[in-house]
Amino acid sequence: CHVTSVRLVYDRDQKTGERHFRGVAFVDLADEKSFKRGLEFHNKAFLGKKRRVNVRPTRTKGELSEIVRKTEEKVANLIARSKEKKREREDDNGDVDGKNAQD
């Protein structure tokens with residue numbers, strides 16, 4: 001099994017600044033054979049504790065960039081729809097710049 005890198009995930013206490021291990025690590029493997037070996041540990045107990053190993057492939061930087069782009073696009077569309085619905089409600093109520101035309 002050829003490990004190329006390991007990244008541990010920590011939380012930082014806002015008051016004390018101390019770091020606490022979250023129990024999450026990302027392990028990059030060099031090749032498919034190593035990944036298949038890693039899959040043998042999927043859902044197995046780790047260090048005799050109640051923690052379990054969850055093995056799954058990670059995304060490439062390109063895949064992550066595409067996910068971010070699609071998410072930003074969805075958010076922009078939701079905001080645009082929300083603004084359009086607000087304008088429609090204002091038009092239906094006779095509101096002009098958020099004020100009722102009857103006032």
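Residues numbered from 1 in each chain as written. Predicted model: local features only at pLDDT ≥ 70, side-chain atom pairs only at ≥ 80, totals over all residues. Heavy atoms only, no water.

S.K.: How do you make sense of the overall build of the protein chain when you look at a structure like this?
M.R.: Along the backbone of the protein chain there are two helices and four strands. Listed N to C, the secondary structure of the protein chain is β-β-α-α-β-β in terms of helices and strands. The C-alpha atoms of the protein chain give 25 Å as radius of gyration, which overshoots the globular expectation for 103 residues (13 Å, by more than 25%). Overall size of the protein chain, expressed as C-alpha extent along the three principal axes, is 75 × 40 × 20 Å. A total of 103 residues make up the protein chain; the buried ones form 5% of that total. Considering only contacts in the protein chain between residues 6 or more positions apart, those separated by 24 or more positions represent 23%. Surface exposure of the protein chain reaches about 9600 Å², of which carbon and sulfur atoms provide 50%. Of the side chains in the protein chain, 26 bear a positive and 19 a negative charge, and the two mean positions are spaced by 12 Å. (Helix = DSSP H or I, 4+ residues; strand = E, 2+ residues; numbered from the N terminus. Rg over C-alpha atoms; globule rule 2.2 N^0.38 Å. Buried < 20%, exposed > 50% of the residue type's maximum accessible area, 1.4 Å probe, protein only. Contact = heavy atoms within 4.5 Å. Areas by Shrake-Rupley, 256 points an atom, 1.4 Å probe, with all protein chains shown as cover. Lys, Arg positive; Asp, Glu negative; His and termini not counted. Charge placed at Lys NZ, Arg CZ, Asp CG, Glu CD.)

S.K.: Any chance you could explain the pairing of strand S2 (residues 19-29) here in plain terms?
M.R.: With nine bridges connecting them, strand S1 (residues 3-12) and S2 associate as antiparallel partners. Considered in S2, the bridge of Ser-5 is made with Asp-28. Joining the antiparallel neighbours S1 and S2 is a turn of six residues, in which Gly-17 adopts a positive phi near 80°. (Pairing = 2+ DSSP bridges.)

S.K.: Please explain the pattern of salt bridges as it appears in this structure.
M.R.: Note that side chains of opposite charge can pair when their charged atoms are close. Scanning all chains against the criterion turns up seven salt bridges. Note that Asp-11 and Arg-22 form a salt bridge whose closest N and O atoms lie 3.7 Å from each other. Taken together, the residues Asp-11 in strand S1 and Arg-22 in strand S2 connect sequence positions eleven residues apart. By relative accessible area, Asp-11 is classed as partly exposed at 41%. For Glu-66, the salt bridge identified is with Arg-69, shortest N-O distance 2.6 Å. Placement of both Glu-66 and Arg-69 in helix H2 (residues 61-92) is noted, with a separation of three residues, approximately one turn of the helix. Look at Arg-69 and you get partly exposed, because its relative accessible area is 37%. (Salt bridge = Lys/Arg side-chain N within 4 Å of Asp/Glu carboxyl O.)

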